[in-house]
Amino acid sequence: MNQIGIFNQTGQEVPQLDLVKKVLKKAMKIEHLKNTSFNLILVDDSYIHELNKTYRKIDRVTDVITFALEDDDKCLLPKGKRVLGDIYISIDTAERQAKEYGHGLDRELCFLAVHGFYHLLGYDHMNEKDEKIMFQKQEEVLKEYGLER
């Protein structure tokens, strides 16, 4: 059974999180994942800035940061079980970006969550070829909910 832990550490009501969870479950289904779990943690700019500075040595705010457990082969689980890791999203940055891009917070949070999900699976966008693959996968998931750009 797949599991997604959703943790809101912002202290503010974020009704979009129900949709975010549905979209992430759809992504897991599209990727044929079974017995897989991961967490999505909603934080503020200050918290994500500190994570970015501490773990990536980048001293600025970011919108989403992931910690993929499968990047480290020291994490051994029972056969058939997968724990992908954690996705952190800054609600402050998501709200700003939604306004900048002219779409709703629901679209922005879902995009960032799915983007983080694919990072947990090992996808990246460091070159044009990899970016095309990753973004194509993201758009396929978002399209299912009418959340494309």
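Everything here concerns the structure above.
Structure report, in brief. (Residues numbered from 1 in each chain as written. Predicted model: local features only at pLDDT ≥ 70, side-chain atom pairs only at ≥ 80, totals over all residues. Heavy atoms only, no water.)

Per the secondary structure count, the protein includes 5 helices and 4 strands. Reading the secondary structure of the protein in the N-to-C direction produces β-α-β-α-β-β-α-α-α. For 149 residues, the compact-globule formula gives about 15 Å, and the C-alpha radius of gyration of the protein, at 15 Å, lands near that figure. Considering only C-alpha atoms, the protein reaches an extent of 45 × 35 × 35 Å along its principal axes. Burial analysis of the protein (149 residues in total) assigns 41% to the buried set. Looking at the protein alone, contacts between residues at least 24 apart form 65% of all its contacts between residues at least 6 apart. Carbon and sulfur atoms make up 48% of the accessible area of the protein, which totals about 8800 Å². (Helix = DSSP H or I, 4+ residues; strand = E, 2+ residues; numbered from the N terminus. Rg over C-alpha atoms; globule rule 2.2 N^0.38 Å. Buried < 20%, exposed > 50% of the residue type's maximum accessible area, 1.4 Å probe, protein only. Contact = heavy atoms within 4.5 Å. Areas by Shrake-Rupley, 256 points an atom, 1.4 Å probe, with all protein chains shown as cover.)

Further remarks concern the sheet that holds strand β4 (residues 82–90). Spatial strand order, β1-β2-β4-β3: 4 strands in an open sheet with mixed pairing. In this open sheet, the two strands that pair with only one neighbour each are β1 (3–8) and β3 (64–68). Taking the axes of each pair of neighbouring strands and ignoring which way they run, one obtains an average angle of 15 degrees across the sheet. In the packing of helix α3 (residues 91–101) onto the sheet, the strands contacted are β2 (36–43) and β4, and the crossing angle to β4 comes to about 65 degrees. (Pairing = 2+ DSSP bridges. Axes fitted to C-alpha atoms, helices over the stretch in contact; angles between N-to-C directions.)

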